Amino acid sequence: MDLQDHSSFIQLLSVVLLMSSWCVQGLRVGVSPRKPLFRVGTHQQMVCQVWDCPTEPSISWITVNDRPLLASISNNRTHSTLTYDPVKIEDEGHLLCKVRCGKQPKESRASVSVYSFPSDPVITGQDRLRDHVETALTCQVSDLFPPVDVNITWLKGDTVLMSTSDSESGSIQYMPRREDSGGNITCRATMELLDLPPEDRTRETTISLNVLYAPVFMNISDPVEMMDGSPLTLSCSAKGNPEPTITWTVGGRSLPGGRGGQLVLSAVKLSDGTWYECEARNSEGNQTAAVNVTVLAPPTNSSLSVDPGEEVVEGQQVNLTCSAVGAPPPTLVLKRKGKELLRTDSTSVLSFNLSSASLEDSALYECEASNQYGSQQVSRSIIVKAHPLQLEASPQVSAERGSTLILTCNASGCQHPPTLSWRTDRNRTFLQRTEPQDGKSHLHLQYLDLQHKGRYSCDAECVSVIRTREIHVQVYSFPSDPVLQDPGPVLLGQEVQFRCDVTNIFSANKLRFRWLLGNTTLITEMYKFSDSLQNISSVLRHQFQEVQHVLTCKVELLTEERDVWKSRETSIPLQIHYPPRSIVLSISPGEEVLEGQQMTFTCRSDGAPPPTVVLRRNGEELLRSDSNSSSSVTLSISSTLLEESGLYQCEAFNQYASRFVSSSITVKAPPRNTTILILPSTEVQEGQNVTVCCQTISFPPSAVILRKPNNGTELYSTSGTFVLVNVTSSDSGLYQVNVSNDLGFEVKVFNIRVREVRTGLPPGFSIILISAASVAAGLTASALILDYMRRSRKKGFYQLPQSAPPSA
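Just so it is clear, the model here is predicted, and its values are computed rather than measured.

Some points on the sheet that holds strand β21 (residues 262-265)
Part 1 of the argument: Spatially, the 3 strands line up as an open sheet ordered β16-β18-β21, and their pairing is antiparallel. The open sheet has two free edges, formed respectively by β16 (213-220) and β21, since each of these has just one partner strand. Within the sheet, the average angular offset between the axes of one strand and its neighbour, ignoring direction, is 25°.
Part 2 of the argument: As paired strands, strand β18 (residues 232-241) and β21 are joined by 4 bridges and run antiparallel to one another.

Focus: the sheet that holds strand β6 (residues 79-84)
Part 1 of the argument: Taken in spatial order, the 4 strands line up as β1-β3-β6-β5 in an open sheet, and their pairing is antiparallel. Since the sheet does not close on itself, it has two edges, and those belong to β1 (28-32) and β5 (72-75), each with one partner. Within the sheet, the average angular offset between the axes of one strand and its neighbour, ignoring direction, is 15°.
Part 2 of the argument: As judged from the 5 bridges shared by β1 and strand β3 (residues 44-51), these two strands associate in the antiparallel manner. Residue pairing in the sheet places Val 29 in a bridge with Val 50 of β3.

Describing the pairing of strand β61 (residues 744-755)
Part 1 of the argument: Two strands pair when backbone bridges link them, and strand β55 (residues 683-685) and β61 are joined in this way by 3 bridges, in the parallel orientation. The residue bridging Gln 685 from the neighbouring strand is Arg 755, located in β61.
Part 2 of the argument: Here 9 bridges tie strand β60 (residues 733-741) to β61, and the two strands are oriented antiparallel to one another. Bridged to Gly 733 within β61 is Ile 752.
Part 3 of the argument: Between β60 and β61, which pair antiparallel one after the other, the connecting turn spans 2 residues.

So, the state of the cysteines
Part 1 of the argument: For the structure on display, the rule yields 9 disulfides.
Part 2 of the argument: The disulfide bridge from Cys 48 ends at Cys 97, spanning 1.7 Å between sulfur atoms. Handedness of the Cys 48-Cys 97 disulfide follows from its S-S torsion of about -95°: it is left-handed. Pair noted here: Cys 48 is in strand β3 and Cys 97 is in strand β7 (residues 93-101), with a separation of 49 residues, a long-range link.

A few points about the environment of Arg 455
Part 1 of the argument: Take Arg 455: it is sitting in strand β37 (residues 454-462).
Part 2 of the argument: For Arg 455, a relative accessible area of 39% puts it in the partly exposed group.
Part 3 of the argument: Along the chain, Arg 455 and Asp 425 lie 30 residues apart, while their C-alpha atoms are 5.7 Å from each other.
Part 4 of the argument: In contact with Arg 455, not counting residues within four places along its chain, are Arg 423, Thr 424, Asp 425, Glu 470, Ile 471 and His 472.

Let's talk about a nonpolar patch on the surface
Part 1 of the argument: Where nonpolar side chains cluster on the molecular surface, the patch consists of Leu 734, Phe 745, Val 747 and Val 749 and spans about 380 Å² of accessible area.
Part 2 of the argument: By residue number, the principal contributor to the nonpolar patch is β61, which donates 3 residues.
Part 3 of the argument: The exposure class assigned to Phe 745 is exposed, which follows from its relative accessible area of 61%.

Things to note about the environment of Leu 558
Part 1 of the argument: In this structure, Leu 558 sits in strand β45 (residues 550-558).
Part 2 of the argument: The spacing of Leu 558 and Ala 508 is 50 residues in sequence and 8.8 Å in space, taken between C-alpha atoms.
Part 3 of the argument: Look past the residues within four positions of Leu 558 in its chain and what remains in contact with it is Ser 507, Asn 509, Lys 510, Arg 512, Met 526, Asp 563, Val 564 and Trp 565.

Topic: the nonpolar core
Part 1 of the argument: Within the largest apolar cluster, 46 residues are counted, with the highest numbers of intra-cluster contacts made by Leu 407, Phe 498 and Ile 505.
Part 2 of the argument: If one sorts the elements of this core by residue count, strand β41 (residues 495-505) sits on top with 5 residues.
Part 3 of the argument: If sequence neighbours within four positions are ignored, Leu 407 has contacts with Val 397, Trp 422, Ser 441, His 442, Leu 443, Leu 445, Tyr 456, Ile 471 and Val 473.
Part 4 of the argument: Judged by nonpolar contacts, the second largest core, of 22 residues, contains Val 29, Cys 48, Ile 59 and Trp 61.

Rules of the game
- Residues numbered from 1 in each chain as written.
- Predicted model: local features only at pLDDT ≥ 70, side-chain atom pairs only at ≥ 80, totals over all residues.
- Heavy atoms only, no water.
- Pairing = 2+ DSSP bridges.
- Helix = DSSP H or I, 4+ residues; strand = E, 2+ residues; numbered from the N terminus.
- Axes fitted to C-alpha atoms, helices over the stretch in contact; angles between N-to-C directions.
- Disulfide = S-S within 2.5 Å.
- Buried < 20%, exposed > 50% of the residue type's maximum accessible area, 1.4 Å probe, protein only.
- Contact = heavy atoms within 4.5 Å.
- Patch = residues over 30% accessible without salt bridge, like charges linked within 9 Å, V, L, I, M, F, W, Y side chains within 5 Å.
- Areas by Shrake-Rupley, 256 points an atom, 1.4 Å probe, with all protein chains shown as cover.
- Salt bridge = Lys/Arg side-chain N within 4 Å of Asp/Glu carboxyl O.
- Core = buried A, V, L, I, M, F, W, Y, C linked by side-chain atoms within 4.5 Å.

By themselves, these observations are geometric and do not establish any function.
Structure follows, in structure tokens:
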């Protein structure tokens, strides 16, 4: 189908449709789009459509308010097309599409709106960005229509910096930093127009930031130390915008080869040790950094000069100058005869002055320069020729406070009277100046006090030669002996405190306290003096372990060599108390004696105060010492008795303690005063019992033997009692009792007569008699034994009852 046939088909279809519509509802007109929003410069069309017109309608476009219609129009039977090519701002307004179908008119109104947002916003001000300098950036929107508000948003990356609403432009005060360089900033413009398509609503512009800033050092060499002759390379780097240039300078002058980041010296010299400056410069400014280069070298060019020369006359002034160079600066030492005179650290020159050369100054002088890298030494010999002027004075004198002191100075060897001057070291003022004919000068110091102590100088001047002698005047004050307090009685073994005081004392040197116990030094204490009189105390804390008699506090003023110069001392007798000791109980001739011998007891003890001594026997006091006499008692017994055996005790006591010793005394005796008791009697009947009791006095106890001489029978008893049971006529006869111990014996004899019994006794009667006799004999023996024990305890001797054994 060709284009013409197609057009005919459309016209036919339109007529059919219009007829159908007209048949239904009449003529209709419509404009599409009715409220278009066109962008300026684009190609746009509007269509006015006619319906239900049975005939070919008449279609026309007109503007309201008689504006010219700049669009082109093309009509066909059913519609009219209005074409804007391109859309202009002048096209905005109201339009009418008028249609006449036969005689029937019809119109449709449309409103055309146009807008212009032709280009992205333009940012200005970014070419003036400097580090930390606030800059105004402006975002400009051009050819905007209609003139509605535009929302301008500033963004740095994705971060919103500021958002404003304006008609065409927006500004922001921006503080750039050097690290922002290379980053982006965006101005986003959004047109606030209703029904504007989203894709046409927003435009934005992004620029890259270029922040200018002054040079900043990134790296520079550390301070360096190197030996003389070593190569040196210094590095320096900096960044900035624009890129900085780097220059090396020293002392304000540029160094050849100092362009760029490195400075290279092939071999440094000692003079190259200094500060090197690296300068980085661009259009925004400059920065300077310094590197300290230390060139190390051993001492060189050492010298020692002597002025006026190496040969001088005594009294002349001599100046010595020692110099050397090195790095670090050497230590300079000036020596005379190997002994150091002067030392300087880290300097290149040392000066030493002999204000008045003396004979002792003749020597070899050495100047030694040294540092850790080496040393160098030079020397000069100085010869000092003697001058005949001589000056004599005592170097040191001492005098007591309040006395008068005369200082003497004697000059000789000068052909004319010398000038003699006295001065003190305290203020260096002259005290006296004379020209004595004999060369002797005297300085009188009266009423000496502490302010007179010190050094006095006597100067003798002869022509240009000056001799000086110094006299050291020492003033001391030691007006009285030390005061030593007596604490009273002191208990042996217990710590006690003593105090020693000296008053108004002074010395130029030290003072020493010495505490003496007899000739033994206990402690020594040293004290220094201030510039005034002092009261000084020393305290001794001591525990006496033995009896001493004298304690001495000795105070000594010492010389500088610690020799004793002046001394005073005070002694006190000591009262050392102690409890009784060395208790002795002596017995003569011994602890065992014979009855009748002489005995002597001596009880004595040592103690302070003297203890009371008591002599006791078995707890009973025998003798006591007199408190006014010595601590000793003596007891003499001219003839010892058995009763004087016992425990003897010697007790000594004072207020501190009581102690005693004891000894047992035994008095011995041979048997004596022996008695024999026969019970019931010496004459008995057959069948009776006979008790023989033997009593004697002896010690140690005696052994008792009962003997019947006619048949040789012997019976022994330790108790001295014998019982003869059921005697017969054969038991009649002579009996002998022998009592003995180690010291002697005694013999007693007696007879017993046994009568025969003629009549017989009933059976068992003899048994009763024997029993009764036995009971009687036993009771009698018991009574004798008890009596013997009582007498033994009371009188101290033994009586031994004795009897024959039952077998007798």
